[in-house]
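# A look at the structure
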Amino acid sequence: MRNKAPGSHVRWPWLLGLSMTVIAGAAHAADAGSVPTLSAQTIQEWQDGSEVPFSLPTDVALGTNGHLYVVDGGNHRVVSIDGSGNVQAVFGSRGRGDGELEGPVGIGVDGKGRVHVADRGNRRIQVFAEDGSYLYPVPLVASGLRVAPVDVAVNKEGTELFVTIADTHEVIVFDWKGNVLRRWGGRGEEPGQFFHPATIAIAADTVYVVDVLNARVQCFYPDGRIIRTFGKRGAGPGTLFRPKGITVDTSGRVFVSDSYFGVVQAFETSGEFLYALGEAGKPALFRTPVGMTAVNGDLAVVEMLGGSLKRLQLGSEQ
C-alpha cells in the first residue's frame with residue numbers, strides 16, 4: 001500500500017492549506033539565524049515503506065501500556081506501535097458503523113487505557129481498548145447540532161472529554177454519554193476566544209489549547225477560566241505562525257509544533273521560550289509537524305506530509 005497524494009480523500013478543510021505553505025515555511029526557517037536549540041536525535045521512524053505505511057497521519061498519543069497510538073487519517077484508522085517499534089494493532093476502517101472512522105484527526109488515552117479517537121467525519125468520539133477492540137461511541141450533540149471534533153483530551157478521572165471544535169471555534173466538555181457539561185470560546189482574538197482551535201492537552205490541571213489562526217497557545221483551568229496565553233505571530237524564536245501540535249512532558253516543558261515553519265519549540269509552562277529542537281543553533285526541519293506526545297524523556301512527532309512518525313531522543317541545550 002502506498003501513501004495517497006496529499007489531500008486525497010480528505011474531509012478536513014482546516015488541514016488542506018498546509019501543503020500550500022509548507023515549502024515556503026521551511027525556507028524561512030532555514031534562513032533563521034542562530035537560536036537556542038535542544039539536541040534531538042531520531043532513534044525510531046515509521047514512514048512509507050514501513051510494515052504499515054501512513055497516509056496523512058495527524059496525531060499520536062501514549063497508551064498506559066507504553067504503546068504509541070497514531071491517527072492514520074488518510075487511511076481512516078489507528079495504528080498501535082510498541083516500545084520496540086513493532087506494529088501491535090491496526091484498528092478502524094472507513095465507514096460510519098461502530099468502530100469505523102471517517103477522517104479521524106485527534107486522539108487521547110485516559111488513565112484506564114481507553115483510546116478516544118476524534119472521528120471528525122462522523123461527528124463523534126469513538127472509544128477503543130488499547131488492544132484495538134471497540135468499546136463504544138460518544139455522540140457529540142451541542143445546541144441541537146452534531147459537532148465535528150478535531151482533538152480530544154480526557155481528565156485524569158476519565159469522566160470528562162475536552163474536545164476542540166474548529167467549526168464553532170470553541171472547546172466543549174462532554175461526559176462519556178455525549179452530554180455537554182460546559183463550553184467556552186467563540187471566534188475572536190481576545191483571550192478565551194479562538195480562531196480554529198486544534199490540538200488540546202491536559203497537564204497538572206491546566207488545559208492547553210493550540211489556537212491555530214491566532215498563532216498562540218491558550219491555557220485554561222478545567223472550568224474554562226483563562227490562565228494565560230503565549231506565543232504570537234512571527235518568524236523568530238518563541239513566535240508561531242501555524243501552530244498545530246502540543247504536548248507537555250514530565251518536567252513541565254511545553255512542546256509546540258509549527259506546521260508552516262516545520263519546527264518544534266519548547267516553552268516553560270509560564271509561556272517563556274526555551275529552545276527549538278535542532279543542533280548548534282539551527283532548528284531541525286520537519287515535514288509539516290502536527291501531533292506530538294512525550295514518551296519517557298523522548299518526543300514522538302507526527303509529520304503529516306512526510307507521512308511519518310519519528311521518535312526523538314532529547315539531549316542537551318546548545
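Residues numbered from 1 in each chain as written. Predicted model: local features only at pLDDT ≥ 70, side-chain atom pairs only at ≥ 80, totals over all residues. Heavy atoms only, no water.

Now for the overall build of the protein. Secondary structure assignment for the protein yields two helices and 27 strands. Buried residues in the protein amount to 60% of all 318 residues. Expressed as a percentage of contacts within the protein between residues at least 6 apart in sequence, the contacts between residues at least 24 apart total 50%. With the model as given, the accessible surface of the protein reaches about 12,400 Å², and the carbon-plus-sulfur share is 48%. (Helix = DSSP H or I, 4+ residues; strand = E, 2+ residues; numbered from the N terminus. Buried < 20%, exposed > 50% of the residue type's maximum accessible area, 1.4 Å probe, protein only. Contact = heavy atoms within 4.5 Å. Areas by Shrake-Rupley, 256 points an atom, 1.4 Å probe, with all protein chains shown as cover.)

Ordered in space as β12-β13-β14-β15, the four strands form an open sheet in which the pairing is antiparallel. Across the chains shown, the open sheet's two edge strands, defined by having one partner strand only, are β12 (151-154) and β15 (180-185). Neighbour-to-neighbour, the strand axes of this sheet turn through a mean angle of 20 degrees, independent of strand direction. Alignment of strand β13 (residues 161-165) against strand β14 (residues 170-174), held across five bridges, turns out to be antiparallel. (Pairing = 2+ DSSP bridges. Axes fitted to C-alpha atoms, helices over the stretch in contact; angles between N-to-C directions.)

Along the chain, the position of aspartate 119 falls in strand β7 (residues 115-119). Within polar-contact distance, the side chain of aspartate 119 engages the backbone nitrogen of glutamate 102 at 2.9 Å. At 2.9 Å, the side chain of aspartate 119 forms a polar contact with the side chain of asparagine 122. Excluding residues that lie within four positions of it along the chain, aspartate 119 makes contacts with Glu100, Leu101, Glu102, Pro104, Arg124, Gln126 and Pro149. (Polar contact = N/O pair within 3.5 Å; in protein donor to acceptor, adjacent residues only side chain to side chain.)

On to the environment of glutamine 313. For glutamine 313, the position within the fold is in strand β27 (residues 308-317). The class for glutamine 313 is partly exposed, based on a relative accessible area of 41%. Glutamine 313 sits 13 residues away from alanine 300 along the chain, and the two C-alpha atoms are 9.0 Å apart. Residues in contact with glutamine 313, not counting those within four places in the same chain, are Ser39, Ala40, Gln41, Ile43 and Asp298.

On to the confidence of the model for the protein, then. Here the protein shows a mean pLDDT of 89. Residues at 70 or above account for 89%. Confidence drops under pLDDT 50 across residues 1-27; counting only partners more than four residues distant or on other chains, this segment forms 60 contacts. (pLDDT = per-residue confidence, 0-100.)

Okay, the sheet that holds strand β3 (residues 68-72) next. The sheet built from four strands is open, its strands ordered β2-β3-β4-β5 with antiparallel pairing. Across the chains shown, the open sheet's two edge strands, defined by having one partner strand only, are β2 (57-62) and β5 (87-91). Adjacent strand axes in the sheet meet at a mean angle of 20 degrees, parallel and antiparallel pairs treated alike. Bridge count for strand β4 (residues 77-81) against β5 is four bridges, and the pairing is antiparallel.

Moving on: the packing of aromatic side chains. Applying the stated rule across the entire model yields eleven aromatic pairs. Relative to tyrosine 134, the ring of phenylalanine 128 lies with its centre 5.6 Å away and its plane at 70 degrees, an arrangement referred to as edge-to-face. By relative accessible area, phenylalanine 128 is classed as buried at 1%. You can call tyrosine 134 partly exposed: its relative accessible area is 27%. Across from the ring centre of tyrosine 221, 4.4 Å away, lies the NZ or CZ of arginine 225, which sits over that ring. (Phe/Tyr/Trp six-rings, centres within 6.5 Å; stacked < 30°, edge-to-face > 60°. Lys NZ or Arg CZ within 6 Å of the ring centre and 35° of its normal.)

To continue, consider the pattern of salt bridges. Counting across every chain of the model gives twelve salt bridges. Aspartate 119 is the partner of arginine 124 in a salt bridge, and the nearest nitrogen-oxygen pair spans 2.8 Å. For aspartate 119, a relative accessible area of 0% translates into the label buried. One salt bridge connects glutamate 170 with arginine 183, and the closest N-O pair in it is separated by 2.7 Å. Note that glutamate 170 is positioned in strand β14 and arginine 183 in strand β15, a separation of 13 residues in sequence. Looking at arginine 183, the relative accessible area reads 35%, which means it is partly exposed. (Salt bridge = Lys/Arg side-chain N within 4 Å of Asp/Glu carboxyl O.)

Okay, unusual backbone geometry next. You will see that arginine 123, though not glycine, has its phi angle at about 55 degrees, which is positive. In this fold, arginine 123 is placed in the loop between β7 and β8 (124-128). Under the relative-accessibility criterion, arginine 123 is labelled partly exposed at 33%. Positive phi outside glycine occurs at histidine 169, with the angle close to 55 degrees.

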